[in-house]
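Listed below are the residues making up each chain.
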Amino acid sequence: MRTVETFGQVRELVEGSVGLVPTMGFFHEGHLSLIAAARRSTETVVVSVFVNPLQFGGSPDLAAYPRDVERDAALARAAGADVLFVPEVDTMYREGSRTIVTVEGVADSMEGVHRPRHFSGVATVVAKLFAGVRPDVAYFGRKDAQQLAVVRTMAADLSFPVEIHGLPIVREQDGLALSSRNVHLANEDRAAALNLHRALFAVGDAFEAGERSLSTLLGRASATIDVGAGIDIDYIEIADASDASTVDRIEQPVFVAIAADIGGVHLIDNILLDPTTERADRGTYIDNSSILYGDS
Ligand code: AMP
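I will try to describe carefully the structure that is included in this document. Every chain is numbered on its own, with residues counted from 1 as its sequence reads. Only residues with pLDDT of at least 70 get local features here, since the model is predicted, and only at 80 or more are side-chain atom pairs given and counted; chain-wide, interface and lining totals rely on the full set of residues. Remark: hydrogens and water are excluded; side-chain values derive from all non-hydrogen atoms of the structure.

## Focus on the packing of aromatic side chains
Okay, step 1: Under the pairing criterion, centres of Phe, Tyr and Trp rings, with the six-membered ring standing for Trp, must be within 6.5 Å; the plane angle then separates stacked pairs below 30 degrees from edge-to-face pairs above 60, leaving the rest tilted. By the definition in use, this model includes four aromatic pairs.
Okay, step 2: The interplanar angle of 45 degrees and the centroid separation of 6.1 Å between the aromatic rings of phenylalanine 50 and tyrosine 93 together place this pair among those described as tilted. Of this pair, phenylalanine 50 sits in the loop between strand S3 (44-49) and helix H3 (61-64) while tyrosine 93 sits in the loop between helix H5 (89-92) and helix H6 (111-114), and the two are 43 residues apart along the sequence.
Okay, step 3: A 1.4 Å probe rolled over the protein chains alone gives each residue an accessible area, and that area as a share of the maximum for its type sets the label: buried under 20%, exposed over 50%, partly exposed in between. Classification of phenylalanine 50 as buried rests on a relative accessible area of 8%.
Okay, step 4: Measuring from centroid to centroid gives 5.5 Å for phenylalanine 130 and phenylalanine 160, while their planes differ by 75 degrees, and the two rings are edge-to-face. Highlighted residues: phenylalanine 130 in helix H7 (residues 118-133) and phenylalanine 160 in the loop between helix H8 (145-157) and strand S6 (163-167), separated in sequence by 30 residues.
Okay, step 5: Owing to a relative accessible area of 3%, phenylalanine 130 belongs among the buried residues under this scheme. The way it works is that DSSP assigns letters per residue, a run of H or I at least four long becomes a helix, a run of E at least two long becomes a strand, and they are numbered from the N terminus.

## Side note on the pairing of strand S5 (residues 137-141)
Within a regular strand, the side chains alternate between the two sheet faces.
Okay, step 1: Most of S5 sits out of view: five of its five residues are buried.
Okay, step 2: Side chains Val137, Tyr139 and Gly141 project from S5 onto one buried face, and the interleaved Ala138 and Phe140 project onto a second face that is buried too.
Okay, step 3: Any two strands between which DSSP finds at least two bridges are classified as paired. The pairing of strand S2 (residues 18-23) with S5 spans two bridges and is classified as parallel. Paired with leucine 20 across the two strands is alanine 138, which belongs to S5.
Okay, step 4: Across five bridges, the pairing between S5 and S6 is parallel. From the neighbouring strand, glycine 141 faces S6, where its bridge partner is leucine 167.
Okay, step 5: By convention, orient the strands away from the viewer: a clockwise path from the first strand over the helix to the second makes the crossover right-handed. Regarding topology, H8 serves as the crossover connection from S5 to the parallel S6, and that connection is right-handed.

## Comments concerning the site of the ligand
Okay, step 1: As a matter of local geometry, the ligand sits amid 18 residues, with Met24, His31, Asp144, Val170 and Leu178 nearest to it.
Okay, step 2: With respect to the ligand, the backbone of leucine 178 contributes an N or O atom lying 2.8 Å from a nitrogen atom.
Okay, step 3: Methods summary: accessible areas were calculated by the Shrake-Rupley approach with a probe of 1.4 Å, and residue burial reflects only the protein chains presented. The protein chains hide 93% of the 490 Å² of surface that the ligand would expose on its own.
Okay, step 4: Elements supplying a minimum of two residues to the shell around the ligand: S2, helix H2 (29-41) and S5.
Okay, step 5: Residue polarity follows a fixed list, in which Ala, Val, Leu, Ile, Met, Phe, Trp, Tyr, Cys and Pro are nonpolar, Asp, Glu, Lys and Arg are charged, and the others, Gly among them, are polar. Taken together, the residues that form the shell around the ligand break down as nine nonpolar, seven polar and two charged. By convention in this text, a residue qualifies as near a molecule or strand provided that one of its non-hydrogen atoms is within 4 Å of it. Polar contacts, as used here, are pairs of N or O atoms within 3.5 Å; protein pairs need one atom able to donate a hydrogen and one able to accept it. Residues neighboring in sequence count only if both atoms are side-chain atoms.

## Describing the pattern of salt bridges
Okay, step 1: The salt bridge definition used is simple: a Lys or Arg side-chain nitrogen within 4 Å of an Asp or Glu carboxyl oxygen. Under the criterion given, the structure shown has eleven salt bridges.
Okay, step 2: Note that aspartate 82 is salt-bridged to arginine 39, the shortest N-O span being 2.9 Å. Placement of the pair is aspartate 82 in the loop between helix H4 (69-79) and strand S4 (83-85) and arginine 39 in helix H2, with a sequence separation of 43 residues.
Okay, step 3: Measuring nitrogen to oxygen at the nearest pair gives 2.8 Å for the salt bridge that ties arginine 171 to aspartate 269.

## Observations regarding a negative patch on the surface
Okay, step 1: Residues qualify for a patch when their relative accessible area is over 30% and they have no salt bridge, like charges being joined within 9 Å and the nonpolar side chains of Val, Leu, Ile, Met, Phe, Trp and Tyr within 5 Å. Only four residue types enter the tally: Lys and Arg on the positive side, Asp and Glu on the negative side; His and the chain ends are excluded. Positions of charges follow a simple convention, taking NZ of Lys, CZ of Arg, CG of Asp or CD of Glu. Residues Glu5, Glu88, Asp90 and Glu95 make up a contiguous surface patch of negative charge.
Okay, step 2: Here aspartate 90 shows up in helix H5.
Okay, step 3: Assessed through its relative accessible area of 62%, aspartate 90 is described here as exposed.

## Focus on the packing of H7 against H8
Okay, step 1: Orientation is described by axes fitted as lines to C-alpha atoms, over the contacting stretch for helices, and by angles from 0 to 180 degrees between their N-to-C directions. Running from N to C, H7 and H8 point in directions that differ by 50 degrees, and their axes come no closer than 10 Å. Considered as vectors, H7 and H8 are oriented oblique to each other. Seen from above, H7 lies across H8 with right-handed handedness. Across the interface between the two elements, Phe119, Val122, Ala123, Val126, Ala127 and Phe130 from H7 touch Gln146, Gln147, Val150, Val151, Met154 and Ala155 from H8.
Okay, step 2: Across the contact of H7 with H8, the residue classes break down as ten nonpolar, two polar and no charged. Geometric relationships in this document are graded by angle, where less than 35 degrees denotes roughly parallel, more than 145 denotes roughly antiparallel, 65 to 115 denotes roughly perpendicular, and other angles denote oblique. Each crossing is labelled by how the near helix is turned from the far one, with a counterclockwise turn of less than a right angle marking it left-handed and a clockwise turn marking it right-handed. By the convention used here, residues are in contact when the closest approach between their heavy atoms is within 4.5 Å.

## Section: the nonpolar core
Okay, step 1: Core analysis: the largest hydrophobic core is formed by 44 residues, its most contacted members being Val46, Val126, Phe130, Phe140, Met154 and Ile164.
Okay, step 2: Elements with a minimum of two residues in this core: helix H1 (7-13), S2, S4, H7, S5, H8, strand S8 (232-240) and strand S9 (254-262).
Okay, step 3: Top element by residues in this core is H7. It accounts for nine residues.
Okay, step 4: Listed in part, the 31 residues of the second largest apolar core include Ala199, Val203, Val256 and Ile271. Nonpolar cores are built from buried Ala, Val, Leu, Ile, Met, Phe, Trp, Tyr and Cys residues. Side-chain atoms within 4.5 Å join them into one set.

Put into structure tokens, the structure is as follows:
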């Protein structure tokens, strides 16, 4: 595996079909599942690590975001990556850069309300990665369901010749969705964070038992949350899985999304409800303690 810093260097190294896994680094098993999927179906696997300032919109979260490129390089190599692309900010955004990609509508609800410029930052950087790396397939996690809808819409609208694959959410043994931000959770905050997937799973159970009323399903989520746990819920919403639009009834796959600030850490999670199979997709679990926490 080679670690490089420019699009030109990436393109010199790729051959055959190209799989791209865009990330902000500090890998956990969710990232590794995307790299493994790319390894299975494309000839050159490019993994990008870029903590994109544009999507943080001036938030202090940018400076606090965990980073360790050496650790990421070892994990990416072991997972089968061929190229690790780690651009500097001024390589990614040329001086005087003025072009921003905005995906209207898709980006205005849920996370878009909480973080107004977030999805323009995501759409812009992913468009740049598509233009610069020219992947045949790009791999994203369904953990960020709204982001996946933004990326799918952007790629189709801008005619990028890339297939977008969305992969299942990978969870820790206790059910918490893996996130690089989990390393910032103090013990009591982590216990509170378990409310998120429990609320979603309660909705999944009700859905699988035949419940289809949106208000009853959302009520089930709220009723499951331990109000004494000190969590500040931003939103619980149900949206169309393909474009994150609001739905009145569940006629095609939807996701139920939840977001909360817990001990100063912004966490999101979701569950996919498919009316065709009548199943809720809760994602997958890892068998051991996450690599996020070292060898302990
Ligand atoms: P990030 O580094 O957080 O920007 O995430 C990079 C990619 O990994 C995105 O496509 C995320 O959706 C995906 N991802 C993050 N967490 C998980 C998870 N727990 N399970 C599956 N994919 C994930």
